[in-house]
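Commentary on secondary and tertiary structure
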Amino acid sequence: MAENNIECNSVVDGNVEEVPNKKIIKFNPPLYKQRYQFVKKLVEQHQPKKVADLGCGDVCLLMILKYQKCIEELVGVDINEGRLKWNGSRLSPCMGDHLDPRELDLVITLYHGSVLEKDCRLLGFDLVACIELIEHFDSEDLAKFPEVVFGYMSPAMIVISTPNSDFNSLFPSAVFRDSDHKFEWSRMQFQTWALDVANHYSYSVEFTGVGEPPAGAEDVGCCTQIGVFRKIAKAPESAVLEHHGEHVYEVIYTTSYPSLQQMDYCRRVVTYLVYREVNRMKRRYQVSLRQHELEPESADTGNPTRKFISDPPVPVLTEADKAMEMIPQPFCIGDKFYVPLERIIAYPRLGHICGNVEKLREFLADVVELNCDGSAVKVDLHDCGDY
């Protein structure tokens, strides 16, 4: 959404220019965030596994995309080595990533190099993003760009954003939006170039944009114009796997995220979830037991004597648990509390991770105490924390 503002200090993406007594445009959310959100929605819609950001700069887009569960490989390429070294650590796994690992593996790599060079490690990608990139090319580099990205890399999908010069008439300054821009295209210029490239390399293309103009100026279009290219004919699997070429990029940073595909992390998560569910059911059982211990011996309100119920009560179930009443229930023998594995695996996340009771039993082996036949988790009914 765009608004007219008087004496605003921000024209586009935080570029500061004092322009008193002139109306300029302020975007909410900021234009760069709108571009990143567009790519994020594209990922959510198409679920790519391998995504590359060409001209990744300060890695902000990569930081957003690393939370997408479908992505297993995330790559950033930039010609500015210093920015990559400075920002690489922002992509490191945090404590929460270790405590609650993602379901699929994720490897993030930052490469130093020109996006106009061919590196076989960029082959076979599902999505390549070029956000505010092409306007930094001179005419010679712009001519090389399609052959490298569309011809050599040939990903399933490419998203390219670039300034819409038709919109510039709304800005108080007629110069390019960034001093490093070599050109800024009108919608007709961009669409002509994009259609030519798409036709040459067997892609389809759809045009859209972000940064809507203010009321009354709709004819200029969005501030940022976007082309979404989709490969018409998928490359044969064998062609994708050949990966001919050199490793011309320099690896500046790489990291791997913990995941449930890694046995140690998977066992750790399963063990934690099992103990959590067992302790939750045990606490509910203890509450029910105390309530029965304090029940009046008779209905005579004048003689409120209380009795101890020696037979352990059936645990009180929540509404969610009532759907599982046919599944074996927790039980108590002496001072031991037992929860059948069939009961534990009925909880959605454990069921999703383990799949069946045998796999759950395998995860718990030598980590959690089971009963004699291995059909139930066995814990003390009372421990020090209960008193």
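My aim in this report is to walk through the structure given alongside it, one point at a time. (Residues numbered from 1 in each chain as written. Predicted model: local features only at pLDDT ≥ 70, side-chain atom pairs only at ≥ 80, totals over all residues. Heavy atoms only, no water.)

So, the packing of helix α8 (residues 263-293) against helix α12 (residues 357-364)
Under the convention used in this document: Simply put, an axis is a line fit to the C-alpha atoms, just over the touching stretch for a helix, and the angle between two N-to-C directions goes from 0 to 180 degrees. Here a strand is any run of E in DSSP of at least two residues, a helix any run of H or I of at least four, and the numbering for each starts at the N terminus. Comment on the angle field: the value is read as roughly parallel under 35 degrees, roughly antiparallel over 145, roughly perpendicular from 65 to 115, and oblique elsewhere. A contact between two residues is defined here by any heavy atoms of the two lying within 4.5 Å. Three classes are used: nonpolar for Ala, Val, Leu, Ile, Met, Phe, Trp, Tyr, Cys and Pro, charged for Asp, Glu, Lys and Arg, and polar for all others, with Gly counted as polar.
Axis separation between α8 and α12 bottoms out at 9 Å; the angle between their running directions is 100°. Our classification of the angle between α8 and α12 gives roughly perpendicular. In contact with M263, C266, R267, V270, T271 and V274 of α8, α12 contributes L360, E362, F363 and L364. Among the residues forming the contact of α8 with α12, the class breakdown is seven nonpolar, one polar and two charged.

With respect to the pattern of salt bridges
For the record, the criterion: Here, a salt bridge means any Lys or Arg side-chain nitrogen found within 4 Å of an Asp or Glu carboxyl oxygen. Residue exposure (1.4 Å probe, protein chains only): buried if accessible area is under 20% of the type maximum, exposed if over 50%, otherwise partly exposed.
Scanning all chains against the criterion turns up 16 salt bridges. Among the salt bridges present, the one from E277 reaches R276, with a minimum N-O distance of 3.4 Å. Owing to a relative accessible area of 8%, E277 belongs among the buried residues under this scheme. Judged by its relative accessible area of 42%, R276 is partly exposed. When salt bridges with common partners are traced through the structure, they connect R276, E277 and R280 into a single cluster.

Description of the sheet that holds strand β12 (residues 336-340)
Rule in force here: In this description, strands pair whenever DSSP reports at least two bridges between them.
One open sheet holds the three strands; their spatial order is β11-β12-β13, and the pairing between them is antiparallel. Edge positions in the open sheet fall to β11 (331-333) and β13 (376-380), since each of these has one partner strand only. Strand after strand, the sheet turns through a mean of 30° between neighbouring axes, direction not considered. Pairing analysis gives five bridges linking β12 to β13, with the strands arranged antiparallel.

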